[in-house]
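A look at the structure
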Amino acid sequence: MKASEYRRRAGRFRFGIVVSKFNRSVTGKLLVSCLDGLAEQGIKPADIHVERVPGAFEIPLVARTMAMTGRFDAVICLGAVIRGETPHFDYICAETSRGIGQAALVTGVPIIFGVLTTETVAQAMERADPSKFNRGREAAKAAIQMAKVMKRLNAMTPPSQGRDSTLFSRQAARRSEK
Ligand code: INI
């Protein structure tokens with residue numbers, strides 16, 4: 001069965017979440033808020049798959065791999081890169097954002113950037129505060145919006161134009177041939 005059929009038959013949206021363990025006190029809060037945001041929109045736990053990675057740098061590969069399964073209508077990336085004293089900050093931010101954007105374009109699956117990039121731990125905690133509309137909840141909202149947008153656009157797009165030119169679609173087609 002094609003990945004797109006798999007989702008259509010199920011008649012509901014499925015989401016993947018990639019969350020980094022680095023700065024866990026912040027990313028744990030982002031994850032809880034993101035799950036709350038999805039649950040408030042009626043998304044069932046069975047339709048959410050969470051993978052944990054060591055740090056933000058590892059997020060793009062896992063997000064892309066998740067998207068390529070064809071099982072998810074959107075993939076949400078959650079992380080926290082804090083400048084502190086580390087010279088890694090700029091490299092990690094650049095690679096994480098570039099990799100997440102590229103993964104979405106290559107797979108044709110919405111991949112949401114829910115990665116905090118802050119100067120201090122206090123700023124990150126503030127932006128992950130579950131009592132506010134924080135980055136985790138914002139990512140859940142963006143993922144649902146994008147899943148709906150892509151569903152509409154894919155329904156308008158002939159298979160030979162656009163949607164089948166993505167790596168995701170080519171892989172899904174290959175799987176259905178087996
Ligand atoms: N990873 C983060 O997610 N946030 C950080 O603030 C951070 N800092 O500061 O170094 C960080 N580093 C780890 C990096 O993402 C990789 O996991 C590591 O380099 C192994 O590839």
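Below you will find a few notes about this structure. It should be emphasised that the depicted structure is a prediction, and the values quoted were computed from it without experimental measurement. (Residues numbered from 1 in each chain as written. Predicted model: local features only at pLDDT ≥ 70, side-chain atom pairs only at ≥ 80, totals over all residues. Heavy atoms only, no water.)

With that out of the way, let us pick up unusual backbone geometry. Across residues other than glycine, the phi torsion is negative in most instances, and most of the peptide bonds are trans. Located in the positive-phi region is Asn23, a residue other than glycine, with phi close to 60 degrees. Position of Asn23 among the secondary structure elements: in the loop between β1 (15–20) and α2 (24–40). Using a relative accessible area of 23% as the deciding quantity, one classes Asn23 as partly exposed. (Helix = DSSP H or I, 4+ residues; strand = E, 2+ residues; numbered from the N terminus. Buried < 20%, exposed > 50% of the residue type's maximum accessible area, 1.4 Å probe, protein only.)

Turning our attention to the site of the ligand. Around the ligand, the neighbouring residues are Phe22, Asn23, Gly55, Ala56, Phe57, Glu58, Ala80, Val81, Ile82, Thr86 and Ile92. Between Glu58 and the ligand, the recorded distance is 2.4 Å, taken from a side-chain N or O atom to an oxygen atom. Measuring from a nitrogen atom of the ligand, one finds a backbone N or O atom of Ala80 at 2.8 Å. About the coverage of the ligand: the protein hides 76% of its 460 Å² of free accessible area. With respect to the detected pockets, the ligand is housed in the second largest pocket. Considered class by class, the residues forming the shell around the ligand number seven nonpolar, three polar and one charged. (Near = heavy atom within 4 Å. Polar contact = N/O pair within 3.5 Å; in protein donor to acceptor, adjacent residues only side chain to side chain. Areas by Shrake-Rupley, 256 points an atom, 1.4 Å probe, with all protein chains shown as cover. 1 Å grid on protein atoms, 1.4 Å probe; cavity = no way out; pocket = protein on both sides within 12 Å on 5 of 7 lines; lining within 4 Å. Sits in = over half its atoms within 2 Å of the grid points. Nonpolar A, V, L, I, M, F, W, Y, C, P; charged D, E, K, R; others polar.)

The next thing to look at is the packing of helix α3 (residues 59–68) against helix α4 (residues 88–107). α4 packs onto α3 with a crossing angle of 15 degrees between their chain directions and a minimal axis gap of 8 Å. Considered as vectors, α3 and α4 are oriented roughly parallel to each other. The crossing of α3 and α4 is right-handed. Residue-level contacts link Ile59, Pro60, Arg64, Ala67 and Met68 of α3 to Glu95, Thr96, Gly99, Ile100, Ala103 and Thr107 of α4. Of the residues belonging to the contact of α3 with α4, the class tally is six nonpolar, three polar and two charged. (Axes fitted to C-alpha atoms, helices over the stretch in contact; angles between N-to-C directions. Parallel < 35°, antiparallel > 145°, perpendicular 65-115°, else oblique. Left-handed = near helix turned anticlockwise from the far one by under 90°. Contact = heavy atoms within 4.5 Å.)

For the rest of this paragraph, the subject is the side chain of Ser33. Mapped onto the elements of the fold, Ser33 is located in helix α2. Classification of Ser33 by relative accessible area gives buried; the value is 1%. Polar side-chain contacts of Ser33 include one of 2.7 Å to the side chain of Asn134. Ignoring sequence-local partners within four residues, the contact set of Ser33 consists of Ala128, Pro130, Asn134, Gly136 and Arg137.

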